[in-house]
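# A closer look at the structure
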Amino acid sequence: MKLKLFLAGALLYLSCGSGGMQRISVDEYIDKMKAGWIGQMVGVGWGGPTEFQWQGEIIPADRVPRWSPEMVNQYGQDDIYVEMTFLRTLELYGFDVDIRQAGIDFANSRYMLWHANKAGRDNLRSGIAPPFSGHPQFNAHADDIDYQIEADYSGLIAPGLPQAAVDLGEIFGRLMNYGDGLYGGQFVAGMYAAAFFESDPEKIVRAGLQCIPSRSLYYQTITDVLTWYKENPNDWKHTWSLIEAKYQDNPDNRRFSCSGPADKFNIDAKINGAYIVMGLLYGKGDPDSTIVISMRCGQDSDCNPSNAAGVLFTTLGFSRLPIRYISALDTMPKFSFTDYSFGSLMRVCEQLARQAVVRYGGKIEQDSDGKEWFVIPKKPVKPSPLEQCWSPAPVSGEVKFTAEEMAKIHFRARRETDFIRVWQVSGPFTKSGMDATALFDVAFAPETGAGSWKTLPEGTFNPAEIDLAKLFGTTHCAVYLRTFIISPDERDAVLELGSDDGIKVWLNGQLVHAVNVQRGHTAGEDKIPVHLKKGKNQVLLKVTQGVGGWAVSAVLADSNGNVMSDLAFQL
């Protein structure tokens, strides 16, 4: 409940401060939160061209991209929009959301994923419920960087509330990570929570450390960076070499590295977290230096400066950002795979922050001028329990989703044997002066029952993602695929399709699906209800190609997502 206060703001600030409270006006909170999102967008946009191009080496200064103001508009960047899935879950269900509901929502996301995110979502789609979807027994990427990349949201809605940041990690971070992989996200979130009230980078880093177990290897990694920074405050490259020796080259500190302890590629949360801290410490509060140093450390050199810039920009606030970062900001587009524009994202974060402040013992007050303030108690944070991926706790409890929960998951993790693997192809077809979008509605010979066909030999392609670019290697064209389904009876079914780019589908000569898009391949992205007759049914696909990747896949399932194992396929 809002309390109208009639004391002078300065006097009230002093009384609250002496009582272990901290205050921030709602207007200032919004200004800082807004800047945090801009920091993420600037960091990932600037570092994007360098991502994993330098592994185990410093990016040369002359290879750092030049900043351009348009780079801020990162609405199609997965390092930004994935975390908005978690915001949407919180918007719908609040802070009391059950982790299994969070898992269902993540399982139903439609974007492409990699590493811990992909493994976690595949687990969810195959019926492994959280937190087991992120457990090392089921997830070989549990120490990877993924939740660290996307934990920014949890600190940005938790001003001065590190416990909220930790608790949100226990819900959303465990969908895909465990141990240090989880702690990386909680550490980043804790830094954001502190950045609303603290501007000193070193103090912010130490505040983040309070959010994770002090005996974890992640804690040790960040503590080492702080120590080496004290010893070498003006030589970030020397500190980088110390990080490299201990956390890149020493296999004892890469015991759950997904690519193996000797690989130059290192997507482990710990070393990339060290590079976030490098930018914050050695950047000394300067936005350009913070971003560039974090980027030049290499490895995940767009995500790391994104986290670093997000934290630093939060300390500054949107109203104090250098104009070069916001002059070309376009607030109208929606972030990919979400309903959020920049403006609606700000409103949702404010709404959730209000809930967080009250939930964690604070209050929202209004002064005599009608200005609202968050009044937030200073409380010690309780980190998650200590765990490490190379010696995980035994799995116990309800590992699987219930049948009712699985019915809410619209996608399934598929085995290679689930996909249709009996195909003939015809084409590719082109038409002078026409791109893929225009070719979508051109009826080439296979649509009229003509054309020549050749069989794709089984074993020569991956049915989960038939690589048409590898087979045909051309641009702005279309190819047709066909197969014949033998059904023992008349029945309804669901044809699950993935395509890069557009796709048309005919069943027994009737057009049942058409989507003219430019997109990457995601298995099962399109789900088309179809009706099979008893006996032989012809499926004809047309897949268009613009440029870049070109692929297709198909599965036949029932309405509950179960693959129909009694069907046969022939040519």
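Bear in mind the structure is a predicted one, so any value in this text is a computation, not a measurement.

This part covers the overall build of the protein. Scanning the protein from N- to C-terminus turns up 19 helices and 15 strands. In terms of C-alpha radius of gyration, the protein reaches 26 Å, essentially the compact-globule figure of 25 Å for 571 residues. Counting only residues that meet the buried cut, the protein has 60% of its 571 residues in that class. At a minimum sequence separation of 6, the contacts of the protein that also span at least 24 residues come to 78%. A total of about 22,600 Å² of accessible surface is found on the protein, and carbon and sulfur atoms cover 51% of it. Taking the average location of the 55 positive side-chain charges in the protein and that of its 67 negative ones, the two points are 2 Å from each other.

The next subject is the pattern of salt bridges. Tallied over the entire structure, the rule returns 26 salt bridges. Two residues, Glu170 and Arg174, come together in a salt bridge whose shortest N-O distance is 2.8 Å. Assessed through its relative accessible area of 25%, Glu170 is described here as partly exposed. Residue Lys542 pairs with Glu447 through a salt bridge whose shortest N-O separation is 3.2 Å. A residue pair is termed long-range when its members are at least 10 positions apart, and Lys542 in strand E13 (residues 535-545) and Glu447 in the loop between helix H18 (436-439) and strand E6 (454-456) qualify at 95 residues. Among the residues examined, Glu447 registers a relative accessible area of 26% and is labelled partly exposed. Put simply, Asp143, Asp180, Asp268 and Lys270 are held in one network by salt bridges that share partners.

For residues that are not glycine, phi is negative in most cases, and the peptide bond is trans in most cases. Each neighbour pair has its own omega, and for Pro130 with Pro131 the value is 10°, a cis peptide bond. Positive phi, normally seen in glycine, also occurs at Phe52, with a value near 55°. Among the structural elements, Phe52 can be located in the loop between helix H2 (26-47) and helix H3 (78-93). According to the relative accessible area criterion, Phe52 is buried, its value standing at 15%. Here Asn508, not a glycine, exhibits a phi torsion of approximately 50°, which is positive. Considering the arrangement of structural elements, one finds Asn508 in the loop between strand E10 (503-507) and strand E11 (510-515). Look at Asn508 and you get partly exposed, because its relative accessible area is 29%.

The next subject is the packing of aromatic side chains. Taken as a whole and judged by the stated rule, the model has 19 aromatic pairs. Between Tyr81 and Tyr111, the aromatic rings sit 5.4 Å apart at their centres with planes inclined by 45°, giving tilted as the arrangement. Of this pair, Tyr81 sits in helix H3 while Tyr111 is found in the loop between helix H4 (99-107) and helix H5 (115-125), placing the two residues 30 residues apart along the sequence. Assigned by exposure class, Tyr81 and Tyr111 land together as buried. Taking the centre distance of 5.7 Å and the plane angle of 55° together, the rings of Phe86 and Tyr153 count as tilted.

So, on to the sheet that holds strand E14 (residues 551-557). Taken together, the 4 strands give an open sheet; going across it, the order is E7-E14-E9-E12, and neighbouring strands pair in antiparallel fashion. Looking at strand neighbours, the two that pair on one side only are strand E7 (466-467) and strand E12 (526-532), the edges of this open sheet. In terms of strand pairing, strand E9 (residues 491-500) meets E12 through 7 bridges, oriented antiparallel. Looking across to E12, one finds that Asp492 is bridged to His531.

We now examine the nonpolar core. Across soluble globular proteins, you tend to see nonpolar side chains buried next to one another. Counting residues in each nonpolar core, the largest one holds 118 residues, and the members touching the most others are Trp37, Ile38, Leu87, Phe172, Phe187, Phe313 and Phe335. With residues near it in sequence (within four places) discarded, Phe187 still touches Val205, Gly208, Leu209, Ile212, Tyr218, Ile222 and Val277. Phe472, Leu481, Val505 and Leu556 belong to the second largest nonpolar core, which has 31 residues in total.

With that settled, consider the confidence of the model for the protein. For the protein, the average pLDDT comes to 93, and 97% of its residues sit at 70 or higher. Contacts from residues 1-19, a stretch scored under 50 in pLDDT, to residues over four places away or in other chains number 21 contacts.

Right, let's talk about the packing of H2 against helix H16 (residues 342-359) for a bit. Axis separation between H2 and H16 bottoms out at 10 Å; the angle between their running directions is 125°. Taken together, H2 and H16 sit at an angle that is classed as oblique. Here H2 and H16 pass one another in a crossing that is right-handed. Contact residues: Val26, Tyr29, Ile30, Met33, Lys34, Trp37, Ile38 and Met41 in H2; Phe342, Leu345, Met346, Cys349, Glu350, Ala353 and Arg354 in H16. Across the contact of H2 with H16, the residue classes break down as 12 nonpolar, no polar and 3 charged.

Our next topic: the environment of Lys246. With respect to the secondary-structure elements, Lys246 resides in helix H12 (residues 236-248). Between the C-alpha atoms of Lys246 and Ile271, which are 25 residues apart in sequence, the distance is 9.4 Å. Other than its neighbours up to four places away in sequence, Lys246 contacts Gln220, Asp224, Trp228 and Asn253.

Before going further, it helps to spend a moment on the side chain of Ser25. Along the chain, Ser25 turns up in strand E2 (residues 21-25). Residue classification places Ser25 among the buried positions, given a relative accessible area of 4%. Not counting the four nearest positions on each side in its chain, Ser25 is found in contact with Lys371, Glu372 and Trp373.

Right, let's get into the packing of helix H9 (residues 180-195) against helix H10 (residues 201-209). Interhelical geometry of H9 versus H10 gives an angle of 130° and a closest axis separation of 7 Å. Relative to H10, the element H9 is oriented oblique. Seen from above, H9 lies across H10 with right-handed handedness. The segment H9 lies against H10, with Phe187, Gly190, Met191, Ala194 and Ala195 engaging Ile204, Val205, Ala207, Gly208 and Leu209.

Another point: H12. Listed in full, the buried residues belonging to H12 are Trp236, Thr239, Trp240, Ile243, Glu244, Tyr247 and Gln248. Taken around the axis of H12, the buried residues stretch over an arc of 150°, which confines them to a single face. Summarising the contacts, the buried residues of H12 are in contact with helix H11 (217-231), helix H13 (269-283) and helix H14 (287-296).

This part is about the environment of Arg174. Position of Arg174 relative to the elements: it lies in the loop between helix H8 (162-172) and H9. Placed 44 residues apart in sequence, Arg174 and Pro130 show a C-alpha to C-alpha distance of 6.6 Å. In contact with Arg174, other than residues within four places in its own chain, are Ile99, Pro131, Ser133, Gly134, Gly169, Leu182 and Glu387. In terms of polar contacts, Arg174 uses its side chain to reach the side chain of Glu387, at 2.8 Å.

Conventions used here
Residues numbered from 1 in each chain as written. Predicted model: local features only at pLDDT ≥ 70, side-chain atom pairs only at ≥ 80, totals over all residues. Heavy atoms only, no water. Helix = DSSP H or I, 4+ residues; strand = E, 2+ residues; numbered from the N terminus. Rg over C-alpha atoms; globule rule 2.2 N^0.38 Å. Buried < 20%, exposed > 50% of the residue type's maximum accessible area, 1.4 Å probe, protein only. Contact = heavy atoms within 4.5 Å. Areas by Shrake-Rupley, 256 points an atom, 1.4 Å probe, with all protein chains shown as cover. Lys, Arg positive; Asp, Glu negative; His and termini not counted. Charge placed at Lys NZ, Arg CZ, Asp CG, Glu CD. Salt bridge = Lys/Arg side-chain N within 4 Å of Asp/Glu carboxyl O. Phe/Tyr/Trp six-rings, centres within 6.5 Å; stacked < 30°, edge-to-face > 60°. Pairing = 2+ DSSP bridges. Core = buried A, V, L, I, M, F, W, Y, C linked by side-chain atoms within 4.5 Å. pLDDT = per-residue confidence, 0-100. Axes fitted to C-alpha atoms, helices over the stretch in contact; angles between N-to-C directions. Parallel < 35°, antiparallel > 145°, perpendicular 65-115°, else oblique. Left-handed = near helix turned anticlockwise from the far one by under 90°. Nonpolar A, V, L, I, M, F, W, Y, C, P; charged D, E, K, R; others polar. Arc of directions from axis to C-beta. Polar contact = N/O pair within 3.5 Å; in protein donor to acceptor, adjacent residues only side chain to side chain.

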